[in-house]
Amino acid sequence: MSDRTPHVVCPARELPPGERRLVEIDGRSIGVFNVDGEYYALTNVCPHQRAPLCAGTLTGTTRATSVDDIEWERDGRVLTCPWHGWEFDVTTGETVFNPHRWSVSTYETDVIVNAEAVAAGEAQPAIETHPVDIDDGVVVVYV
Amino acid sequence: MAETGTNRAEKTLSLIDCDIHSQNLGGMDLAPYLPDHLRELRGTSTPGSLWSNPHGVTRRDVAPKEGESAYEALCRQHFDEFGIDYGILNRGPLSLGVAADTEHAVALARAHNDELIDNWLDRDDRFLGSMLIAPQDPERAAAEIRRVGDHPRIVQVLFSSASGLGVPYGRRLFWPIYEAAAAHGLPVAVHPGTEGRGTARPPTGAGYPSRYIEWHTTLPANYIGHVTSLLTEGVFTEYPDLTFVCVEGGLAWVPHLMWRLDKNWKSLRVQTPWLERPPSEYLREHVRFTTQPLPEPDNPEHLRQLLEMMHADETVMFSSDFPHWDNDSPTFGIPPLPEELHRAITVENAQQLYGLPDDPAELG
Ligand code: FES
């Protein structure tokens, strides 16, 4: 699915919804998030002042069409930077306040079962250090 | 007392941080330093804020790790991480300055200063301290300056930028503070956070804001009031050795103040005959401003222009505000500036003001 290399993050059951994992791949720090069963990965560097973005709080955000019409939305998929609170949508890497100019890099993710992981080559050694049930999968990130 | 030659400094110091809040990492317990009856009856609480920040006030990523002390966490994440040569610990509770109970406020300031001296200032050559006073009781504030102001690592007198007495800080009733500070060679500094709390008036004359975003954005209005008061009341003609430091009060309003005040002085000087020169000249000599939160205009050139307008090569000193939510990174929080200006802001202006030797160990 990607011309990039898959790297094993962890067994899927160790990354339940609402949780995150930080991984270091080729010197890059990357956060991998489970949002309602879907996996998303983004770079752990905030574009503002380079804070460790993925240490921030995962929450929702507000949207309003008028001052009397406010909705709480995107619950569980908005990452707020631990420094100045800029909000990033984990599913796109884009800031809430200005999606066209400010965003962070995202990476493709997947859950693959052992057989596929073995076929994926580089993932293999790591899988051996994270044994999983054959029915279970491992979360991988393509970097 | 200290070596302030800039030529030597160029070879040694690389960064002085004028605003660090070590207490937000823990490790500051003032209760043991209070008189028994106040510890029992009042504890250490001071007036709280009416405005809450959705992200909290302390950065989410700075809590000490398992088994790590507050001191170690402070060094690891800030002093060591960014190669800071000197950092001024500006600790709370600043809102003692707007407490109704003056006895308690005075005792808390003393407790803070004793704890600072006991546990922090001798611990690391890079640490400098601001002593706290209760500005609503100027006589006893002055007595506190006389009590601890000679400690070699206490470099400044600090209090809340919100006045708890309903009048700005240039008024004569505050002058005992300035007299004592000047006598001990200490700048006086104010720091925000207490605007609208306790006995302070609304954060601006416009009245009470609704939310933190409004409260935080308008904090400089209070600073404009104090600096204008200090300049026009004649504090700096009366205490020619005094420096007033505006910590975290913003920068972009300073050109406005200088230009408007000078223009008005030409017309209205008759009210303030002790000002023999345009007021902006006193400001350049006697008022200093710390950087954080540095303005971030879309065009960085506008920031450079602003710094030129306010004579930042003389008046501005770097501050991070670590570890607060709006802190500026020492490396990525300042855009590229001409080398001399960068050096003045990050080292020289603070080194000169606080009389800091090139070798922090020499300070004693
Ligand atoms: S560094 Fe992330 S919001 Fe400033």
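The coordinates are above.
Just so it is clear, the model here is predicted, and its values are computed rather than measured. (Residues numbered from 1 in each chain as written. Chains lettered and ligands numbered in written order. Predicted model: local features only at pLDDT ≥ 70, side-chain atom pairs only at ≥ 80, totals over all residues. Heavy atoms only, no water.)

Draft legend 1. Quick peek at the sheet that holds strand β5 (residues 57–66) of chain A. Residue and element names in this part refer to chain A. As summarised here, the arrangement of the 3 strands in space is β5-β6-β7, forming an open sheet in which the pairing is antiparallel. The strands lining the two open edges of the sheet, one partner per strand, are β5 and β7 (87–89). Strand-to-strand twist across the sheet, computed as the mean angle between neighbouring axes with direction ignored, equals 55°. Where strand β6 (residues 69–80) meets β7, 3 bridges bridge the pair, whose relative direction is antiparallel. Within the sheet, the bridge partner assigned to Leu79 lies in β7 and is Phe88. (Pairing = 2+ DSSP bridges. Helix = DSSP H or I, 4+ residues; strand = E, 2+ residues; numbered from the N terminus. Axes fitted to C-alpha atoms, helices over the stretch in contact; angles between N-to-C directions.)

Draft legend 2. Just the packing of helix α4 (residues 102–121) of chain B against helix α5 (residues 138–148) of chain B, in detail. Residue and element names in this part refer to chain B. It is the contact of α4 with α5, at a shortest axis distance of 11 Å, that shows an interaxial angle of 15°. By the angle between their axes, α4 is roughly parallel relative to α5. As α4 packs across α5, the resulting crossing turns out to be right-handed. Across from Thr102, Glu103, Val106, Ala109, Arg110, Asn113, Asp114 and Ile117 in α4, the residues of α5 making contact are Arg140, Glu144, Arg147 and Val148. Among the residues forming the contact of α4 with α5, the class breakdown is 4 nonpolar, 2 polar and 6 charged. (Parallel < 35°, antiparallel > 145°, perpendicular 65-115°, else oblique. Left-handed = near helix turned anticlockwise from the far one by under 90°. Contact = heavy atoms within 4.5 Å. Nonpolar A, V, L, I, M, F, W, Y, C, P; charged D, E, K, R; others polar.)

Draft legend 3. Spotlight on the interface of chain B and chain A. At the junction of the two partners, chain B supplies 13 residues and chain A supplies 12 residues. Interface of chain B and chain A: buried area, both sides summed, is about 1100 Å²; carbon and sulfur atoms make up 50% of it. The three residues of chain B that bury the most area against chain A are B:His55, B:Arg60 and B:Phe332, which together make up 41% of that side's buried surface. Taken together, the connections running from chain B to chain A amount to 1 salt bridge. A salt bridge links A:Arg101 to B:Asp298; its shortest N-O distance comes to 3.8 Å. (Buried area = accessible area lost by both parts, 1.4 Å probe. Salt bridge = Lys/Arg side-chain N within 4 Å of Asp/Glu carboxyl O.)

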